[in-house]
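Examination of the molecular architecture
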Amino acid sequence: MAQERKSKLLGSGDILVSFEFFPPKTEKMEETLWSSITRLAPLGPEFVSVTYGAGGSTRERTHATVTRLIKETPLKPAAHLTCVDATKEEVDAVAKTYWQEGVRHIVALRGDPVQGTGAKYVPFPGGYKNAADLVAGLKRIADFEISVAGYPETHPESPSVEADLDNLKAKVDAGADRIITQFGFDNTHFLRFLERARAAGIWVPISPGIVPIHNFKQVAGFAKRAGASVPSWLARRFEGLEDDSATSHLVGAAVATEQVMDLVDEGIKKFHFYTLNRADLVYAICHLLGLRSVRPANADAA
């Protein structure tokens, strides 16, 4: 008799998940974000991260979202920090404020050039030169838990797979506690990346980034900018659904579920979901991964 797949035997506690959100720009987006957080919080994620970009307004929105998460939810927020457009002193001041407010987890990233995708990255005068430098700086400030980014298909700016791996090891050697990968759709890339990382002596946990597809055209655009390939078979699955959002969502749920279940069968037990501030597909996939609500969505700790 064939052995039962691991993914068919999942129960509560077998899998750990984390969720990524981005700070809202408008009141309507804020409502959508907090509705999603309320929906996903009862699943008991290991942490939730909040993205951060260059420029004061984004930083302020990130800070406001993280602060509200601490005050109003039982979730553990991880605040994104980048090296872009800020001196070491400015970045350190943000990190110190987070620590004072109870944030213990930072996602440390180099960040994209202010000029946008395709522009050459140049370290800000007096700033941290890259993510490894930032990780070391944060560890000097406080004993933060630090997550960093990994790129299964290599960073778009990396000259080679080896250079990309060297950069990743430098981040871990500087004190990173966890690697979260860029999203992808072909598990072969993630599994090869995991194998290369372990062979290079990188032993921190590595969580695959998963993005459930609500809108194929939008996500394909994200993928192109991030250096993640979109397999032809994936494009075919969404063919003709441009004006059919209901079917698109069903297909998106099926694709992401197939992807995570295959990874579970390969022994992966931690997943990081890029939610795009939407809860529906993520919640369904987490349910299939064995997660169940641990408290009513609006319950406060007694």
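Each remark here, short or long, concerns the structure printed above.
Since the model is a prediction, treat every value here as computed from it, not as a measurement. (Residues numbered from 1 in each chain as written. Predicted model: local features only at pLDDT ≥ 70, side-chain atom pairs only at ≥ 80, totals over all residues. Heavy atoms only, no water.)

**Notes on the overall build of the protein**
Tallying secondary structure elements over the protein gives ten helices and eight strands in all. Here the C-alpha atoms of the protein give a radius of gyration of 19 Å, agreeing with the 19 Å that 2.2 N^0.38 yields for 302 residues. Burial analysis of the protein (302 residues in total) assigns 48% to the buried set. A separation of at least 24 residues holds for 79% of the contacts in the protein among residues at least 6 apart in sequence. For the protein, the accessible surface area stands at approximately 14,900 Å², while carbon and sulfur atoms represent 52% of it. Treating the 35 positive side-chain charges of the protein as one cloud and the 37 negative ones as another, the clouds have centres 2 Å apart. (Helix = DSSP H or I, 4+ residues; strand = E, 2+ residues; numbered from the N terminus. Rg over C-alpha atoms; globule rule 2.2 N^0.38 Å. Buried < 20%, exposed > 50% of the residue type's maximum accessible area, 1.4 Å probe, protein only. Contact = heavy atoms within 4.5 Å. Areas by Shrake-Rupley, 256 points an atom, 1.4 Å probe, with all protein chains shown as cover. Lys, Arg positive; Asp, Glu negative; His and termini not counted. Charge placed at Lys NZ, Arg CZ, Asp CG, Glu CD.)

**A look at the sheet that holds strand 2 (residues 48–50)**
Pairing within the closed barrel is parallel, and its eight strands lie in the order 1-2-3-4-5-6-7-8. Across the sheet, the mean angle from the axis of one strand to that of its neighbour is 30°, orientation sign disregarded. Pairing between strand 6 (residues 178–183) and strand 7 (residues 206–210): three bridges, direction parallel. The residue bridging I179 from the neighbouring strand is I206, located in strand 7. Taken strand by strand, helix 4 (residues 131–141) contacts strand 3 (77–82), strand 4 (105–109) and strand 5 (145–150), and its axis lies near 155° from that of strand 4. (Pairing = 2+ DSSP bridges. Axes fitted to C-alpha atoms, helices over the stretch in contact; angles between N-to-C directions.)

**Things to note about unusual backbone geometry**
Not every positive phi belongs to a glycine, and T154 is a case in point at roughly 65°. Mapped onto the fold, T154 is located in the loop between strand 5 and helix 5 (161–173). The phi angle at N277 is positive, at roughly 65°, despite the residue not being glycine. Along the chain, the position of N277 falls in the loop between strand 8 (270–274) and helix 10 (280–288).

**Focus: the nonpolar core**
Of all hydrophobic cores here, the largest spans 65 residues; its most connected members are F19, L138, F271, F273 and L289. Broken down by element, this core gets its largest block of residues, five residues, from helix 9 (residues 245–265). Look past the residues within four positions of L138 in its chain and what remains in contact with it is L81, A95, I106, A108, F144 and I146. Counting residues in hydrophobic clusters, the runner-up holds 20 residues, among them L109, V219, A228 and V255. (Core = buried A, V, L, I, M, F, W, Y, C linked by side-chain atoms within 4.5 Å.)

**Things to note about helix 4**
Burial in helix 4 covers these residues: A131, A132, D133, L134, V135, G137 and L138. At the N-terminal boundary of helix 4, the capping side chain belongs to N130, with an oxygen 3.3 Å from the backbone nitrogen of A132. (Polar contact = N/O pair within 3.5 Å; in protein donor to acceptor, adjacent residues only side chain to side chain.)

**Comments concerning the pairing of strand 4**
Strand 4 sits mainly inside the fold: five of its five residues count as buried. Neither face of strand 4 is left uncovered, since the one carrying H105, V107 and L109 and the one carrying I106 and A108 both have all their residues buried. Sheet topology note: the strand 3/strand 4 ladder contains five bridges and is parallel. Along strand 4, the bridge assignment pairs L81 with A108. Following the chain from strand 3 across helix 3 (residues 88–100) to the adjacent parallel strand 4, one finds a crossover that is right-handed. Of the strand pairs in this sheet, strand 4 and strand 5 are connected by three bridges, and their pairing is parallel. The residue bridging V107 from the neighbouring strand is S147, located in strand 5. (Right-handed = clockwise from strand over helix to strand, strands pointing away.)

Treat this as a map of the structure, not an account of what it does.
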